Amino acid sequence: MIARRTKSIRGLVCLRGVCTAWHAAPLRENYEPDPAQLPWLVVLRPQEKCCFFDISNFRVYPFPLPGPISFHGSSHGWLIVSDVNMDMYLVNPLTMERIGLPPFPSPFYFTTKVIMSACPHSSQPCIIVAIHGLESDLAYAWPGCDRWITLNLPLCLFTDVVYHDNTFMAINEEGVVITLEIKCQETTTFCKIGNKVVEARRLDCRRAYLVSIGEDLCAVVRYIQVRETGSLQTVEFKLFFYDKGESEWEQFEGCGNYTIFLGPSESMALPTAATGWTTNCIYFTDECRTRLGEADSGVYYLTDGYLEPHFLDKGATGIWHMPKL
């Protein structure tokens, strides 16, 4: 009864800390989340244990995973991690439930993003897609399978993948977007959609993302420059919405009443106007795991192109995570 009245993840965390019985209570069946929930930030600092940062109230929560771990993504309320034994698994930080995944076909260090089509406890199939390897190829698996299947595609160097309109879609560094029809233990098919999102400019350093904004598919291009110290610095973002009727990408100046969250986790766009949170902007975290100097994180305001730091200090990186049961 109390869990049903608790709408925020913050309240649920406090509720579970009251006593042992409440901590062990089956909350998934009783909890009804607030649709206006903001993501948390998994804060990573060298030589320190990670923690959660609640951006809605600036509170920090410890994340009690034993030993050093590597993060490979966040999707549907689950974190995708690997440990010192090179075991890869899903973990729900609210319940501490773990689901093992098969050994990965390339070193974990080269696994840059992992997302899922659905929660493992959903009635829908849970297919997991990863960007991995020196060529940033795509591979997929599902809970209970014994191996990752690398897709044999004529394209590589993928920078993001999203599950949009019941379909996996991926974009590579050339701005080519493809749709993937993936079914467990069946042949995977793909097709390109539209032309390139944006033609490359000379000496460009950029990264492309895909994100669902309402019912629309949006490509976000992040332009980066190299600081004098050798570290990277984001300088600009551009948005492109896909026009299904014309089968082409059209540039837009903003995202309206949405806030976009980008980084190594699943890309998100949330309707934050009702919460009083800043809209029409992009919160981003560092993508470079071998960075030199300060991290490349901040907020970019699409109205005027103004860029400023956000919650992370210069020595920390982070992963956006939407807590769910």
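Look up a bit, the structure's there.
Note that the structure is a prediction, hence the values are computed from the model and not measured.

K.L.:
Report on the state of the cysteines, specifying residues and quantitative values.
P.N.:
Under the counting rule described, the total for this entry stands at 0 disulfides. Cysteine Cys126 is unpaired, with the sulfur of Cys119 as its nearest cysteine sulfur at 7.2 Å.

K.L.:
If you had to explain the nonpolar core to someone new, which residues and values would you point to?
P.N.:
Judged by nonpolar contacts, the single largest core of 36 residues is most densely connected at Leu138 and Trp148. Broken down by secondary-structure element, the contributors of at least two residues to this core are β5 (78-83), β6 (88-92), β8 (111-116), β9 (128-132), β10 (137-141), β12 (158-164), β13 (167-172) and β14 (177-181). Residues in contact with Leu138, not counting those within four places in the same chain, are Val129, Ala130, Ile131, His132, Ile149, Thr150, Leu151, Leu153, Phe158, Ala170 and Leu180.

K.L.:
Outline the sheet that holds β8, supporting the account with residue identities and numerical values.
P.N.:
Spatial ordering of the open sheet is given by β8-β9-β10-β11, a layout of 4 strands whose pairing is antiparallel. Looking at strand neighbours, the two that pair on one side only are β8 and β11 (149-150), the edges of this open sheet. Relative to β11, β10 is paired through 2 bridges, and the arrangement is antiparallel. Note on β11: the bridge partner recorded for Tyr140 is Ile149.

K.L.:
Tell me about the pairing of β13, and name the residues and values.
P.N.:
In terms of burial, β13 is a largely internal element, 5 of the 6 residues being buried. Pairing of β12 with β13, which is carried by 6 bridges, proceeds in the antiparallel orientation. Of the residues in β13, the one forming a bridge with Val161 is Ala170. The antiparallel hairpin formed by β12 and β13 contains 2 residues in its connecting segment, where Asp165 sits at a positive phi of about 55 degrees. Here 4 bridges tie β13 to β14, and the two strands are oriented antiparallel to one another. What sits directly across from Met169, in β14, is Thr179. The hairpin formed by β13 and β14 contains 4 residues between the paired strands, and Gly175 there has a positive phi angle of roughly 85 degrees.

K.L.:
Describe the packing of aromatic side chains, and please don't skip the residues or the numbers.
P.N.:
Here the structure, examined in full by the defined rule, presents 14 aromatic pairs. Grouped by ring-pair contacts, the aromatic residues Phe261, Trp277, Tyr283 and Trp320 constitute a single cluster.

K.L.:
Pulling in residues and values, what's your account of the sheet that holds β12?
P.N.:
The pairing of strands in a sheet comes from backbone hydrogen bonds and takes either a parallel or an antiparallel form. As summarised here, the arrangement of the 4 strands in space is β12-β13-β14-β15, forming an open sheet in which the pairing is antiparallel. The strands lining the two open edges of the sheet, one partner per strand, are β12 and β15 (189-192). Here the average twist between neighbouring strands, direction ignored, is 25 degrees.

K.L.:
How would you explain the pattern of salt bridges if you had to name every residue and give the values?
P.N.:
Applying the stated criterion across every chain, the model contains 5 salt bridges. With its nearest N and O atoms 2.8 Å apart, the salt bridge here joins Asp160 to Lys113. Of the two residues, Asp160 sits in strand β12 while Lys113 sits in strand β8, which places them 47 residues apart along the sequence. Taking the relative accessible area as the measure of exposure, Asp160 reaches 0% and is therefore buried.

The rules behind the values
Chains are numbered independently. Their residues run from 1 in the order of the written sequence. pLDDT decides what is reported in this predicted model: residues at 70 or higher carry local features, side-chain atom pairs at 80 or more are listed and counted, and totals for whole chains, interfaces and linings draw on all residues regardless. Computation of side-chain values covers all heavy atoms of the structure but excludes hydrogens and water. The criterion for a disulfide is a pair of cysteine sulfur atoms lying within 2.5 Å. Throughout this description, the term nonpolar core refers to a set of buried Ala, Val, Leu, Ile, Met, Phe, Trp, Tyr and Cys residues connected via side-chain atoms within 4.5 Å. The classification of residues rests on relative accessible area computed with a 1.4 Å probe and restricted to protein chains. Under 20% of the type maximum is buried, over 50% is exposed, and intermediate values are partly exposed. By definition, any uninterrupted DSSP run of H or I lasting at least four residues is a helix, any uninterrupted run of E lasting at least two residues is a strand, and each is numbered from the N terminus. In what follows, a contact means two residues having at least one pair of non-hydrogen atoms within 4.5 Å. By definition, two strands form a pair when at least two bridges between them are found by DSSP. Note on ring pairs: Phe, Tyr and Trp rings are taken, using the six-membered ring of Trp, and paired if centres are within 6.5 Å. Classes follow the plane angle, with under 30 degrees stacked, over 60 edge-to-face and the rest tilted. Only the stretch in contact is used when fitting a helix axis, every axis being a line fitted to C-alpha atoms; angles between N-to-C directions are given from 0 to 180 degrees. Throughout this description, the term salt bridge denotes a Lys or Arg side-chain nitrogen within 4 Å of a carboxyl oxygen of Asp or Glu.

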